[in-house]
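Descriptive structure summary
Now for the letters of each chain:
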Amino acid sequence: MKITVTKDYDDMSKAAAEIIISQLKKKPDSVLGLATGTSPLGLYKLLIEAYKKGEISFAQAQTVNLDEYVGLKPSHSQSYAYFMHTNLFDHVDILPQNVHIPQGFAENLSAECASYSKLLGRLKPDIQLLGIGSNGHIGFNEPNSAFSGTTHLVNLTESTVKDNSRLFDDISQVPRQAITMGIAEIMSAKSILLLANGTKKAQAILKTVKGEISESCPASILQRHPNCNLVIDEAAAALL
Ligand code: F6R
């Protein structure tokens, strides 16, 4: 595991942007595994800036997102599809057919999981971007998810529903289920880039880096990934 500690969120975003920008320059047809949430927002802004300056293009890139809420259409303002479009895809030259996000509104959710898993067999991310939950989740792989898991339907824990309710008008509106890439698929990415900032993440980062590798902290499996970069701010690194 390579750990880069930055002063704050802005520097974390800059360090992460450098990694993705150099990947796209080196390999314009990269497969980028993407995440939603607050952690990558600054990074996405910097990628848009780099695209507008002509430094990078997404025209040949493919993207695979980690997860999506069940029951929300892409037009729903809290869906992860909406998040990705408003915060990145609508501002760069990615081709719509190269964007892949699990369909949380699919009628047959198990068929959707199987088809997303098949897609991931074909499109292995060159870089998989991850945030981390305060309980150590990655994607929506909550504590005690199987390390061998592939794309599946999950029931969200109360702590995740509570963490995510800040973005909804009311906690009752937060979906209770999601589709997520499984841990085995995350681990099959060629490289991992995990971002974390703030004291709320410090305990999860401690367990990820120094804890026992255990399904009780899903991110701890990253200790076994041969090419894993953690880019975290001082507050998230405080317990290391
Ligand atoms: C998002 C995702 C989640 C988040 C995690 C951290 O697609 O899969 O695992 O990365 O919950 O969220 P933030 O960045 O909002 O703290």
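Our structure is the block above this text.
A brief structural summary.

Rules and cut-offs
Residues numbered from 1 in each chain as written. Predicted model: local features only at pLDDT ≥ 70, side-chain atom pairs only at ≥ 80, totals over all residues. Heavy atoms only, no water. Patch = residues over 30% accessible without salt bridge, like charges linked within 9 Å, V, L, I, M, F, W, Y side chains within 5 Å. Areas by Shrake-Rupley, 256 points an atom, 1.4 Å probe, with all protein chains shown as cover. Salt bridge = Lys/Arg side-chain N within 4 Å of Asp/Glu carboxyl O. Helix = DSSP H or I, 4+ residues; strand = E, 2+ residues; numbered from the N terminus. Phe/Tyr/Trp six-rings, centres within 6.5 Å; stacked < 30°, edge-to-face > 60°. Buried < 20%, exposed > 50% of the residue type's maximum accessible area, 1.4 Å probe, protein only. Axes fitted to C-alpha atoms, helices over the stretch in contact; angles between N-to-C directions. Parallel < 35°, antiparallel > 145°, perpendicular 65-115°, else oblique. Contact = heavy atoms within 4.5 Å. Nonpolar A, V, L, I, M, F, W, Y, C, P; charged D, E, K, R; others polar. Near = heavy atom within 4 Å. Polar contact = N/O pair within 3.5 Å; in protein donor to acceptor, adjacent residues only side chain to side chain. Pairing = 2+ DSSP bridges. Left-handed = near helix turned anticlockwise from the far one by under 90°.

Describing a nonpolar patch on the surface
Residues M1, I3, V5 and L240 make up a contiguous nonpolar surface patch of about 290 Å² in total accessible area. Along the chain, L240 turns up in the segment after β10 (228-233).

Quick word on the packing of aromatic side chains
Taken as a whole and judged by the stated rule, the model has four aromatic pairs. Taking the centre distance of 4.8 Å and the plane angle of 45° together, the rings of Y69 and Y80 count as tilted. One end of the pair, Y69, is in strand β4 (residues 67-69); the other, Y80, is in helix α3 (residues 80-87), with 11 residues separating them in the sequence. Overall, Y80 belongs to the buried group, its relative accessible area being 11%. With centroids separated by 5.9 Å and ring planes inclined at 75°, the aromatic side chains of Y69 and F168 adopt a geometry described as edge-to-face. Taken as a pair, Y69 in strand β4 and F168 in the loop between α5 (158-164) and β8 (177-180) lie far apart in primary sequence, 99 residues in all. Among the aromatic residues, those joined into a cluster by ring pairs are Y69, Y80, F140 and F168.

What about the packing of helix α2 (residues 41-52) against α3?
Running from amino to carboxyl end, α2 crosses α3 at an angle of 40°, the nearest separation of the two axes being 10 Å. With respect to each other, α2 and α3 are oriented oblique. Counted together, L41, Y44 and I48 of α2 and F83, M84 and N87 of α3 form the full contact between these two elements. Taken together, the residues of the contact of α2 with α3 break down into five nonpolar, one polar and no charged.

A word on the site of the ligand
Surveying the vicinity of the ligand reveals 13 residues, the closest of which are S39, D67, H137, G139 and K201. At 2.9 Å, a side-chain N or O of T36 approaches an oxygen atom of the ligand. Between the ligand and T38 there is a distance of 2.8 Å, counted from an oxygen atom to a side-chain nitrogen or oxygen. About the coverage of the ligand: the protein hides 91% of its 410 Å² of free accessible area.

Brief notes about the sheet that holds strand β6 (residues 127-130)
The strand order across the open sheet built from seven strands is β1-β10-β9-β6-β2-β3-β5, with neighbouring strands paired in parallel fashion. Single-partner strands in this sheet number two, and they are β1 (2-6) and β5 (99-100). Where strand β9 (residues 192-196) and β10 come together, five bridges link them in parallel fashion. Bridge pairing in β10 places L193 opposite N229.

Quick word on the side chain of Q23
Here Q23 is to be found in helix α1 (residues 9-26). At 2.8 Å, the side chain of Q23 and the side chain of S30 are in polar contact. Those residues in contact with Q23 that lie beyond four places of it in its chain are S30, L32, D126 and I127.

So, the sheet that holds strand β7 (residues 152-155)
The three strands are arranged β4-β8-β7 in an open sheet whose pairing can be described as antiparallel. Two strands lie at the open edges of the sheet, namely β4 and β7, each paired on one side alone. For this sheet, the mean angle separating the axes of adjacent strands, direction not counted, is 25°.

Quick word on the packing of α1 against α2
Two elements in contact, α1 and α2, have axes whose closest approach is 8 Å; the angle formed by their N-to-C orientations is 50°. In terms of orientation, α1 lies oblique with respect to α2. Seen along the crossing, α1 lies across α2 with a hand that is right-handed. Contact residues: α1 offers Y9, S13, K14, A16, A17, I20 and I21, while α2 offers L41, G42, L43, L46, L47 and A50. Per-class residue counts for the contact of α1 with α2 are 10 nonpolar, two polar and one charged.

Points about the side chain of S214
Tracing the chain through its elements places S214 in the loop between α7 (202-210) and β10. Side-chain polar atoms of S214 contact the side chain of S216, separated by 2.7 Å.

Here's the deal with the pairing of β6
Both faces of β6 are covered, namely the face carrying I127 and L129 and the face carrying Q128 and L130. Where strand β2 (residues 31-34) lies against β6, two bridges are found, and the strand directions are parallel. In the strand pairing of β6, G33 is matched with Q128. Both β6 and β9 contribute to a ladder of three bridges, which runs parallel. Among the inter-strand pairings, L130 is bridged to a residue of β9, identified as L194.

Everything listed here is a matter of geometry and, on its own, says nothing about what the molecule does.
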